[in-house]
Amino acid sequence: MVAPAKRMHIGLNLVFLVPGETGGMEVAARELIPALLAAAPPGTRFTAFVNREAAAAGDGPWGELLPAVTVPVNARNRVQWVLGEQTLLPRLAARAGVDLVHSLASTAPLWGRFCRVVTIHDLIYARFPDAHPGIRDRGMQLLVPAAARRSHRVIAISRQTRDDLVELLGVSPDRIDVVPNGVGAVQRETALPEADTRERFHLGARPVLLALSAKRPHKNLAALIGALARIPPERRPLLVLPGYPTWHEQELRGRAASLGVDGDVRFLGWISGAEIEGLWAIAAAFVFPSLYEGFGLPVLEAMARGVPVACSDASSLPEVAGDAALLFDPHDEGAIAAAVERLLGDPAEAERLRAAGSERVLGFTWERTARLTLQSYERALARV
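Residues numbered from 1 in each chain as written. Predicted model: local features only at pLDDT ≥ 70, side-chain atom pairs only at ≥ 80, totals over all residues. Heavy atoms only, no water.

Assigned secondary structure in the protein chain consists of 15 helices and 13 strands. Its C-alpha atoms give the protein chain a radius of gyration of 21 Å, near enough to 21 Å, the size a compact globule of 384 residues would have. Overall, the protein chain is about 65 × 40 × 40 Å in size when its C-alpha atoms are taken along their principal axes. Burial statistics for the protein chain: of 384 residues in total, 54% are counted as buried. When the accessible area of the protein chain is evaluated, it comes to approximately 16,000 Å², of which 53% is carbon and sulfur surface. Here the protein chain contributes 42 positively and 42 negatively charged side chains, and the mean placements of these two sets differ by 8 Å. (Helix = DSSP H or I, 4+ residues; strand = E, 2+ residues; numbered from the N terminus. Rg over C-alpha atoms; globule rule 2.2 N^0.38 Å. Buried < 20%, exposed > 50% of the residue type's maximum accessible area, 1.4 Å probe, protein only. Areas by Shrake-Rupley, 256 points an atom, 1.4 Å probe, with all protein chains shown as cover. Lys, Arg positive; Asp, Glu negative; His and termini not counted. Charge placed at Lys NZ, Arg CZ, Asp CG, Glu CD.)

Structure, rendered in structure tokens:
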């Protein structure tokens, strides 16, 4: 990259980030920030703008690797978060003298005497309005289109998200940069030993089919449960569904009971990092039947751990998985069941997918993400 004539001062909008509560966007921020600092041209300055919760937690790269300015709001309160981003952040960014503010979580300040770049992760609120019912979804319907219109550059984390921005929001393709996420060090804690994992979650000695996914309708877990019921009992694996309960979980439990497979499904609530790693370590396969993903990082995380993958052929998942996963029609329970049976019953195919997955993840690095992000900054600054 050619160094810009003017040294950049970049502000990172992290007002959304409540540590431990923000999911994949928090993971992306924690991984991207060190990579940005390492890849930036000499003399580039960064300042993070964080909420009170993140400032109090003090366990992130903000404040440790780069200076942080506290936006005095509690972001667990959605109204405070929006007001902080739209009214307080622009003033604090101007006072800090930033040239550009990069908002990392799909919404962004709509004004300010600085250049604006926003990363939009998905348009799920438009494709699947029941994914996040209530005030959050209504807010996204207003804030995301406004951010896309008022930002100088829009970063999409996949070609699918880029296409959605063009189709649903009318954003010009010339203003969009596709910048895929990376895969970092996936195992962050020591795995619970296999015997302890199996005993703790009542898994016995059966093969484990892991589906790490939020329990929301667009994740299509109901179809996965239906597919499980199509597998004969003598070959049926245990389906393990970790993750916090949602309003949709009762529907999933009811479907499992109605199909007679409630004894073959483990609905786990929140579990520790060591327990998650224990499940990854014993998983015979990972299945991801989602109807819509802005990116689909769990697919790459499974590949990085050497777990063979079967996933939906919808939205961004084919571009992420490539030929390193078995792809299926997520609306066809028979196709899902066939993919699962192939993963579990064909050792040669499972081994091929393990090898292909290990190779696939090498193309998704946070260093590459950082380099493409910096190029987006330069395009934005060149147009103001």
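Scanning all chains against the criterion turns up 23 salt bridges. Residue E293 pairs with K219 through a salt bridge whose shortest N-O separation is 2.6 Å. Separated by 74 residues along the polypeptide, E293 in the loop between strand 11 (283-288) and helix 11 (297-304) and K219 in the loop between strand 8 (208-210) and helix 8 (221-230) bring together distant segments of the chain. By the burial criterion, E293 is buried, and K219 matches it. The partner of R354 in a salt bridge is E351, and the shortest N-O contact between them spans 3.5 Å. Residue R354 and its partner E351 are located together in helix 14 (residues 347-360), separated by three residues, close to a single helical turn. (Salt bridge = Lys/Arg side-chain N within 4 Å of Asp/Glu carboxyl O.)

Before going further, it helps to spend a moment on the sheet that holds strand 9 (residues 238-241). The strand order across the open sheet built from six strands is 10-9-8-11-12-13, with neighbouring strands paired in parallel fashion. Of all the strands in the sheet, just strand 10 (265-267) and strand 13 (326-328) have a single pairing partner and so form its edges. When the angles between neighbouring strand axes are averaged without regard to direction, this sheet yields 25°. Pairing analysis gives three bridges linking strand 8 to strand 9, with the strands arranged parallel. What sits directly across from L210, in strand 9, is V240. Sheet strands in contact with helix 8 are strand 9, strand 10 and strand 11, and its direction is about 165° off that of strand 9. Most of the contacts of helix 11 go to strand 11, to which it runs at about 160°, and overall it touches strand 11 and strand 12 (309-312). (Pairing = 2+ DSSP bridges. Axes fitted to C-alpha atoms, helices over the stretch in contact; angles between N-to-C directions. Contact = heavy atoms within 4.5 Å.)

This next bit is on the packing of aromatic side chains. Pairs of aromatic rings are described using the distance from one ring centre to the other and the angle between the two planes. Scanning the entire structure with this criterion turns up four aromatic pairs. Taken together, a centroid distance of 5.9 Å and an interplanar angle of 20° make the contact between F286 and F288 stacked. F288 carries the same exposure label as F286, and that label is buried. Among the aromatic residues, those joined into a ring-pair cluster are W280, F286 and F288. (Phe/Tyr/Trp six-rings, centres within 6.5 Å; stacked < 30°, edge-to-face > 60°.)

Tracing the chain through its elements places T365 in the loop between helix 14 and helix 15 (366-382). Judged by its relative accessible area of 26%, T365 is partly exposed. If sequence neighbours within four positions are ignored, T365 has contacts with G182 and V183.

By themselves, these observations are geometric and do not establish any function.
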